[in-house]
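# An overview of the molecular structure
What follows is the residue order along each chain.
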Amino acid sequence: MIGGLHDVLMPAGAQAQAILALWHWLLPICTLVFVAIMAALWLAVRRAPRVAQDDTPDVSSLFEREPKVTRTVWIAVAVSTVLLLALLAASVFTDRAIARLPLANALHIELTGYQWWWAVRYDDADPSRIFTTANELHVPVGRPVIVSLAGADVIHSFWVPSLHGKKDLIPGRDATVSFRADRPGIYRGQCAEYCGYQHAHMVLYVVADAPDVYERWAAQQRKPAVAPVNDEQARGRDLFVAKSCAMCHAINGTSAQARNAPDLTHVASRMTIGAGTLENSVSARAAWILDPQQFKPGAKMPGENLAPEELAALNAYLGSLS
Amino acid sequence: MSADAGSVSAAGVPLERSQRARRKRADAVAGSGEVLRDGAGWGSRAALALDHTWRDESGFIGWLRTNDHKRIGKRFVVTAFLFFCAAGILAAVMRMQLASPDNHVVGPDFYDQLFTMHGTTMMFIFAVPIMQGMGVYLVPLMVGTRNTAFPRMTACAYWLYLLGALSLWFGFAINTGADAGWFAYVPLAGPQYGIGKRADVWNNLINLTEAMGLMVAVDIATVILKMRAPGMSLRRMPLFVWASLVASMMIIFAMPSVMLAANLAQFDRTFSTHFFNPAEGGDVLIWQHLFWFFGHPEVYFIFIPALGFVSTIIPTFARRPMFGHSAVVLSLIATGFLAFGLWVHHMFATNLPELGKSFFTAMSFMIAIPTAAQIFCWIATLWTGRISLRVPLLFVLGFFAILVLGGLTGIMVGAVPFDLQVHDSYFVVAHLHYVLIGGAVFPLFGAFFYWFPKFTGRMLDERLGRWQFWLFFVGFNVAFFPMHMLGLQGMPRRIYTYGAETGWGTLNLIATIGAVVIAASVLLFVVNFVRSLAKGALAGDNPWGAGTLEWATHSPPPAFNFVALPVVASREPLWVREADEPTHVSGLSAQTREGLVTTVLDALPDVRYSYPSPTVWPFIAAVTVVIWLFWSNITPSGMYYGLIPPAIAFVAWYWPSRKETAEELLLQRRP
């Protein structure tokens, strides 16, 4: 399986970089405060004399002030307040840095969260250039991306730790998130808002490529599905349209046009199936088609009872959809 | 407190008319004719009469009818602790499942129920009730009175709580365990996606435990404000009592919010309303506002009573009064107010306006200041004190280390940009366990060791206690510290499994090992508890040489708490005693359950008060309310037909008795 980078401390984009800079303020200051308080506590316990439990309590403090201790406590509170203000300032400046990501020439993507997969639609002013895919975002390095987020059923959350923090996909409340990948690579994201049984298998890969590589990929994705080149693949296509597959999935260039499940027009170009559940290999696809519930219990896809040669044909067809 | 020093008389204080009085076997002790008055000390005829008046009938009926705050408080604590153990076992199963990648100990359906039951039980069935239970037991003793203000209501609250908790767990046992998370976000918990009756059971639990919380909070706040011992002005009030007052006030403002939300959600489920249905103009985000407007203060009304434990334990073991008593009180009150301005920091990833979120960052940072002030006051108390390092103090020192770390990660997640990264990740799992276990469970174990002698008359074993502490402290850090790293490495919460390619396996295995050590530690406490209950060293009235009033009576206290109500002239009434001050009030009737109501600010005697008698109706009322809720889940008409049995029960509860009215009229005569 493809790991992909998924670490807050290893940013690959402007937004995650800004947040890491804030962490570089938070961690040392908080560590300093922790060490100081523990040292004070340790000293206090060490220097105070040990007595038995029935020792007569010293109640003098009820009648007279303790100016030295009072002063020290006041200073400690004041120092804490100043440090908090410093961190507040750092937080506000980070907020502004995130908000100021330059968005000229941005790529527009519409991301919709479903139980338990991601529908991805690449927007364009020219309707013929719009295309749809699933569970993988491909973005050009260095170009800002604006992602419009929508929840189709329950609340999901977009999170790719190496690129940016979270933004929820809430039904009835549209939101956007903007990021920019600055280094090529594969960045792993995962739904971060509990969304039901298969919350654990709702992975979203972000593939950041050099602009020309991205353009090649996008051009390929805009094309309709490749036509079968042999009888087995043709039989596979016919099975896809005739069996229950076409009730939920779409393959452009065929009569399968349902939108209840990932678009499979270019399914063979993807790294995984089942939103990161299995790698996209011949054997894994075959096992998945027969019994997806074995790998992703609760997923909306039922198993399909196919004869071995039917399965091979269907699998060969799907494998050809690059 | 003995009767040989001077006393003031309560007999001249007029009797409050509205409550019913009760007089039973005490008449036999008093003989006929005159009313026997308290104040004569242990072993006297009056003390015997008090015992007859206040003691519950023996047997099952007496057990069911009791409204003795000590028995009810103990029930709360024991019940909540048992549910703590049960929810801990669920956590252990989750840790087993997560110990290695692609593990198959449990499946997603059961795992979702596990973490929902764990969170719901810990927050609603363990943390809040156990803190309130400690308050129900301790507050009347600490303020020097004989019972809570509305003991029948508190008895009813316990039954509502117990039945609610049992129904949730019964649902879990028959595969109807809540599975939408302890926060039950809609639409996942709504009619369309929350299938079966799982979310209904959860909504019922919210109604029942929140009703319980409100009833107990009203009761505790009333005792604190109106029934303190004469002389215990607000400035002399013990810090745990202050903490209980602040927590009770917070509960009164916070809990209606989640009850409202749960009922709107249940209306959506039962009557197909559309409060949370975006397709029909509803808004799913309203749920989050209503839930967190309760949910964030909830963290603080779990935490604040624990601060009260700490502020009680430290002076006793540093052998000096608390440094900065007023500062600590002001900090508690400030925390209580600020806690209501933080709820949106659970919603930073939603599409709320960014500038508005900055306000909540500022508030989240600001609430650290009163907590810091208290920490510095505790350190100052230890610094200037002379220390006896017993187990309760050991737990408080552990509390310092863990809470401070949790508080600092709390500041981190309070910052909007950083929270966007770690929100709903294992970083937050680590943070919240540091805050809740460090901030509440460590002080709670300290409090168990500290007050166990008062509850039972016997000491818990010190050696086992030290073992338990170190196992817990080490196990806790081994279990939860790695989760910070897991969160930063991108592991989201509430996933039932993860692939090997994520690289999360090793840290998860370490966390699971820590969980096993924690389980061993809790087991050790249970062993210690059972052993000490049977053959622990006898404690005596005041084994720690403490300064607050609960130690002024026997351990365990008699049913009537004090043989005569104490009079208070200082912050530490058992440590500072003026020779010319009265030590107790005398003159309350020993033959009826009579108490003294005092003024809010100065605790001057105001009116006499007749406590209600024990009765079985609070129990029956609770049962009928639970039936009503479940009936309404099955069929909408249950919503109104189901109201008939509770209506009957509540009328019976308040039905006046001729005998008690006559007795009350008798007491209203001038003595």
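All residue numbers refer to position in the chain's written sequence, counted from 1. Following the order in which they are written, the chains are lettered starting with A and the ligands numbered starting with 1. Given that this is a predicted model, residues contribute local features only at a pLDDT of at least 70 and side-chain atom pairs are listed and counted only at 80 or more, while totals for whole chains, interfaces and linings are drawn from all residues.

## Brief notes about the overall build of chain B
In plain terms, the rule: The numbering of helices and of strands both runs from the N terminus, where a helix is a DSSP run of H or I of at least 4 residues and a strand a run of E of at least 2. Every radius of gyration here is taken over C-alpha atoms, with the globule rule written as 2.2 Å times N^0.38, N being the number of residues. Three exposure classes are used, all based on how many other C-beta atoms lie within 10 Å of a residue's own C-beta (placed from the backbone): buried at 20 or more, exposed at 12 or fewer, and partly exposed between those limits. Any residue pair is listed as a contact if its two C-beta atoms, each placed from the backbone, are within 7 Å.
For chain B, the count of helices and strands is 21 helices and five strands. Taken against the 2.2 N^0.38 rule, which gives 26 Å for 671 residues, the C-alpha radius of gyration of chain B at 25 Å falls within 12% of a compact globule. Across its three principal directions, the C-alpha atoms of chain B cover 85 × 65 × 50 Å. For chain B, with 671 residues in total, the buried portion stands at 64%. Pairs at least 24 apart in sequence give 81% of the contacts found in chain B among residues at least 6 apart.

## Details of the overall build of chain A
Across its full length, chain A holds seven helices and twelve strands. Over its C-alpha atoms chain A spans a radius of gyration of 28 Å, topping by over 25% the 20 Å that the globule rule assigns to 322 residues. Across chain A, contacts joining residues at least 24 apart in sequence account for 67% of those joining residues at least 6 apart.

## A closer look at the confidence of the model for chain B
Residue and element names in this part refer to chain B. Selection rule: On a scale of 0 to 100, pLDDT captures the predictor's confidence in every residue.
Mean pLDDT over chain B: 92, with 94% of residues reaching 70 or higher. The low-confidence segment residues 1–6, where pLDDT is below 50, has 15 contacts with residues more than four positions distant or belonging to other chains. Within the model, pLDDT remains below 50 along residues 14–24, and this stretch shows 38 contacts once partners closer than five positions in the same chain are excluded. Reported for the predicted complex are a pTM of 0.94 and an ipTM of 0.96.

## What about the sheet that holds strand β5 (residues 145–151) of chain A?
All names here are of chain A. Selection rule: Strand pairing follows a simple DSSP-based rule, namely that at least 2 bridges must link the two strands. Under this scheme, a helix contributes an axis fitted over its contacting stretch, all axes are lines through C-alpha atoms, and angles between N-to-C directions fall in the 0 to 180 degree range.
Pairing is mixed in the open sheet, where five strands are placed in the order β3-β2-β1-β5-β8. Each edge of the open sheet is held by one strand with a lone partner, namely β3 (131–134) and β8 (175–179). Across the sheet, the mean angle separating the axes of adjacent strands is 25° when strand polarity is ignored. Here β5 pairs with β8 via five bridges, running antiparallel. Counted as the bridge partner of Ile146 is Ser178 from β8.

## Some remarks on helix α7 (residues 308–320) of chain A
Residues and elements named next belong to chain A. Just so we agree on the cut-off: In a helix, the anticipated span is given by 1.5 Å times the number of residues less one.
For α7, which comprises 13 residues, the first-to-last C-alpha distance of 18 Å matches the rise-based estimate of 18 Å (1.5 Å per residue) to within 8%. Among the residues of α7, Ala313, Leu314, Asn315, Ala316, Tyr317 and Leu318 are the ones counted as buried. Where α7 is buried, its residues contact α4 (231–242) and α5 (282–290).

## Brief notes about the sheet that holds strand β9 (residues 185–190) of chain A
Across a sheet, strands are paired by hydrogen bonds formed along the backbone, either parallel or antiparallel in direction. Residues and elements named next belong to chain A. If you walk across this open sheet you meet the three strands as β4-β10-β9, and the pairing is mixed. Looking along the sheet, the strands with just one partner apiece sit at the ends: β4 (136–140) and β9. Averaged over all neighbouring strand pairs, the angle between strand axes comes to 20°, with direction disregarded. For β9 and strand β10 (residues 203–209), the ladder comprises six bridges, and the chain directions are antiparallel. Within β10, the position partnered with Gln190 by the bridge is Val203. Together, β4 and β10 form the strand contacts of helix α3 (residues 211–222), whose direction differs from that of β4 by roughly 135°.

## Quick notes on the domain arrangement of chain A
Put simply, the test is: Domain start and stop positions are those given by an automatic or database domain assignment.
The domain boundaries assigned to chain A delineate domain 1 (14–46 + 64–99), domain 2 (107–210) and domain 3 (231–320). If you average the C-alpha positions of domain 1 of chain A and of domain 3 of chain A, the two centres end up 55 Å apart.

## Quick notes on the interface of chain B and chain A
In this assembly, 83 residues from chain B lie in contact with 78 residues from chain A. Where the side of chain B that touches chain A is concerned, the elements lending two or more residues are α5 (108–142), α9 (284–318), α11 (354–366), α12 (368–384), α13 (391–414) and α14 (416–422) of chain B. The element contributing the most residues to the side of chain B that touches chain A is α12 of chain B, with twelve residues.

## What to know about the packing of α5 of chain B against helix α7 (residues 198–226) of chain B
Residue and element names in this part refer to chain B. To keep it simple, the criterion reads: Angular relationships are summarised with four words: roughly parallel below 35 degrees, roughly antiparallel beyond 145, roughly perpendicular across 65 to 115, and oblique for the angles in between. In this scheme the handedness of a crossing depends on how the near helix is turned from the far one: anticlockwise by less than a right angle means left-handed, clockwise means right-handed. Under the grouping applied here, Gly and all other residues not named as nonpolar or charged are polar, the nonpolar ones being Ala, Val, Leu, Ile, Met, Phe, Trp, Tyr, Cys and Pro and the charged ones Asp, Glu, Lys and Arg.
Relative to each other, α5 and α7 sit at 20°, their axes nearing to 10 Å. Here α7 runs roughly parallel to α5, going by the angle between their axes. When the axes of α5 and α7 are compared, the crossing they make is left-handed. Two secondary-structure elements touch here, α5 through Thr120, Phe124, Ile125, Val128, Pro129, Gln132, Gly135, Val136, Val139 and Pro140 and α7 through Trp202, Leu205, Thr209, Met212, Gly213, Val216, Ile220, Val223 and Ile224. The residue inventory of the contact of α5 with α7, partitioned by class, reads 14 nonpolar, five polar and no charged.

## Thoughts on the nonpolar core
Let me state the cut-off plainly: By our criterion, buried Ala, Val, Leu, Ile, Met, Phe, Trp, Tyr and Cys residues that link up through C-beta atoms within 7 Å make up a nonpolar core.
In terms of nonpolar packing, the biggest core is built from 305 residues, with Val206 of chain A together with Ile130, Leu160 and Cys377 of chain B touching the most fellow members. If you tally residues by element for this core, the top one is helix α15 (residues 426–456) of chain B, at 22 residues. Residues within four places of Val206 of chain A in sequence aside, it is in contact with Leu137, Val139, Val160, Leu163, Ala181, Tyr187 and Gly189 of chain A. Ile251, Leu264, Ile289 and Leu321 of chain A belong to the second-largest nonpolar core, a separate cluster that totals 18 residues.

## Quick notes on the packing of helix α2 (residues 67–99) of chain A against α12 of chain B
Between two packed helices, both the angle of their axes relative to each other and the distance between the axes serve to describe the pair. One way to put it is that α2 of chain A packs onto α12 of chain B with a least axis distance of 10 Å and a crossing angle of 150°. As judged from the angle between their axes, α2 of chain A and α12 of chain B are roughly antiparallel. In this structure, α2 of chain A meets α12 of chain B at a crossing whose hand is right-handed. Along the contact surface, α2 of chain A presents Val69, Val73, Ala76, Val77, Ser80, Thr81 and Leu84 of chain A, while α12 of chain B presents Ala368, Ile369, Ala372, Ala373, Phe376, Cys377, Ala380 and Thr384 of chain B. Partitioning the contact of α2 of chain A with α12 of chain B into residue classes produces twelve nonpolar, three polar and no charged.

## Thoughts on the environment of Phe480 of chain B
Among the structural elements, Phe480 of chain B can be located in helix α16 (residues 462–488). If near-sequence neighbours (up to four positions away) are discounted, Phe480 of chain B is found in contact with Ala430, His433, Tyr434 and Gly514 of chain B.

## Remarks on unusual backbone geometry
Cis geometry marks the peptide bond from Gln115 of chain A to Trp116 of chain A, where omega comes out at -5°. Along the chain, Trp116 of chain A falls in the loop between β1 (107–114) and β2 (117–122). Residues Ser555 of chain B and Pro556 of chain B are joined by a peptide bond in cis, for which omega reads -10°. One non-glycine residue, Asn175 of chain B, lies in positive phi territory at about 60°. Within the secondary structure, Asn175 of chain B is located in the loop between α6 (151–173) and α7.

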